[in-house]
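# An overview of the molecular structure
This is what each chain is made of:
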Amino acid sequence: MEEKHPVSTEPTGFQQTFREMFRRHAAGVAIITANLNGHPFGFTATSVASLSAEPPRFTFNMARSSSSWPAVANSEFIGVHMLGLENQALANRFARTRNRFEGDHWEPGPHDVPILKDVSGWLVGRIQMRLSFENNAVVVVEVIDGQVGEDGTPLLYHGGAYSKPTPLDYEI
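### Comments concerning the sheet that holds strand S9 (residues 121-133)
Strand order in the open sheet formed by seven strands is S3-S2-S6-S9-S10-S5-S4, with antiparallel pairing between adjacent strands. With one partner strand each, in any of the chains shown, strand S3 (39-45) and strand S4 (49-52) form the two edges of the open sheet. The sheet shows a mean angle of 35° between the axes of neighbouring strands, direction not considered. Contacting strand S2 (30-36) and S3, helix H3 (residues 88-96) runs over the sheet at an angle of about 110° to S3.

### Things to note about the side chain of Ser-68
Following the sequence through the fold, Ser-68 ends up in the loop between strand S5 (57-63) and helix H2 (69-74). A distance of 3.3 Å separates a polar side-chain atom of Ser-68 from the backbone oxygen of Gly-42. Apart from residues lying up to four places away in sequence, Ser-68 is in contact with Phe-41, Gly-42, Phe-43, Met-62 and Arg-100.

### Quick look at unusual backbone geometry
The residue after Glu-54, namely Pro-55, is reached through a cis peptide bond having omega -10°. With respect to the element layout, Pro-55 can be found in the loop between S4 and S5. Even without being glycine, Asn-37 reaches a positive phi, approximately 55°. On the secondary structure map, Asn-37 appears in the loop between S2 and S3. Phi is positive for His-111, which is not a glycine, with a value near 55°. If you trace the backbone, His-111 turns up in the loop between strand S7 (106-108) and strand S8 (114-116). Residue classification places His-111 among the partly exposed positions, given a relative accessible area of 47%.

### What about the nonpolar core?
When a protein is soluble and globular, its nonpolar side chains tend to lie buried together. Formed by 19 residues in total, the largest nonpolar core has its most connected members in Phe-60, Val-72 and Ile-78. Contact partners of Phe-60, with chain neighbours within four places excluded, come to Ile-32, Phe-43, Ser-47, Val-48, Val-72, Ile-78, Ala-137, Val-138, Val-139 and Val-141.

### Thoughts on the pattern of salt bridges
Within this structure, the stated rule accounts for three salt bridges. Among the salt bridges present, the one from Arg-24 reaches Glu-20, with a minimum N-O distance of 3.1 Å. Among the ionic pairs, Glu-76 bridges to Arg-126, the shortest N-O distance being 2.2 Å. Of the two residues, Glu-76 sits in the loop between H2 and strand S6 (77-82) while Arg-126 sits in strand S9, which places them 50 residues apart along the sequence. Of the residues examined, Glu-76 reaches a relative accessible area of 44% and is grouped as partly exposed.

### A short note on the pairing of S3
Relative to S3, S2 runs antiparallel, the two sharing seven bridges. Bridge pairing in S3 links Ala-30 to Ala-45. Connecting the antiparallel pair S2 and S3 is a turn made up of two residues, with Asn-37 showing a positive phi of about 55°.

### Let's talk about the packing of aromatic side chains
One pair of aromatic rings is described through two measures. These are the centre distance and the angle between the planes. Scanning all chains against the criterion turns up five aromatic pairs. For the pair Phe-18 and Phe-22, a centre-to-centre distance of 4.9 Å together with 45° between the ring planes defines the contact as tilted. Highlighted residues: Phe-18 and Phe-22, both in helix H1 (residues 13-23), separated by four residues, approximately one helical turn. A centroid spacing of 5.8 Å and a plane angle of 70° characterise the contact between Tyr-157 and Tyr-162, whose relative ring orientation is edge-to-face.

Rules and cut-offs
Within each chain, residue numbers correspond to sequence positions counted from 1 in written order. Thresholds applied to this predicted model are a pLDDT of at least 70 for local features of residues and 80 or more for the giving and counting of side-chain atom pairs; totals over whole chains, interfaces and linings are not thresholded and use all residues. Side-chain descriptors were evaluated using all non-hydrogen atoms of the structure, hydrogens and water having been removed beforehand. Strand pairing is assigned whenever DSSP identifies at least 2 bridges connecting the two strands. Secondary structure elements are taken from DSSP: a helix is a run of H or I of four residues or more, a strand is a run of E of two residues or more, and numbering for both begins at the N terminus. In this description, a line fitted to the C-alpha atoms serves as the axis of each element, helices being fitted only across the stretch in contact, and the angle between N-to-C directions of two axes falls anywhere from 0 to 180 degrees. A contact between two residues is defined here by any heavy atoms of the two lying within 4.5 Å. We define a polar contact as two N or O atoms separated by no more than 3.5 Å, with the added condition that, inside protein, one atom must be a possible hydrogen donor and the other a possible acceptor, whereas residues neighbouring each other in sequence contribute only through side-chain atom pairs. For every residue, the accessible area (1.4 Å probe, protein chains only) is compared with the maximum for its type, and the residue is labelled buried under 20%, exposed over 50%, or partly exposed between those bounds. Residues grouped as a nonpolar core are buried Ala, Val, Leu, Ile, Met, Phe, Trp, Tyr and Cys residues, joined through side-chain atoms within 4.5 Å. The salt bridge definition used is simple: a Lys or Arg side-chain nitrogen within 4 Å of an Asp or Glu carboxyl oxygen. Centres within 6.5 Å make a pair out of two Phe, Tyr or Trp rings, where for Trp the six-membered ring is used; the pair is then stacked when the planes are under 30 degrees apart, edge-to-face when over 60, and tilted otherwise.

Okay, structure coming up:
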């Protein structure tokens, strides 16, 4: 008879180191949106990164267990919204609640992608690739439209909380 070993859900030493290192890595906060069969979907993300300027492309990562994954997996177009310090409540709404689209804080945009109002800027793009790996996915998007909003202080995520960049004091 094969001996069964209990599966531990406690992080190993390396896993704890990994988690702590990425808690110390400040990341910009964004919201990804999509429309699937006339229904808006969206979630808060800290994994958005520029991929190339020519052509303009960005990437993001997400869990395939996310309630938004079916929309990302089956939509042709997607939106990314960069958030400023004044968008903390919006970031929380898309990270922690189910009523993400109740209210007048968004409108249908190009290709029916939900566009959030009063953000630092938004881009709409065509999904070029979805790379699935275990329970995660990397998504590559080519930008086809967008708009820059008001310039302000970017919203960061660091140490398990929202924060803002602080200018360094220096002398030249």
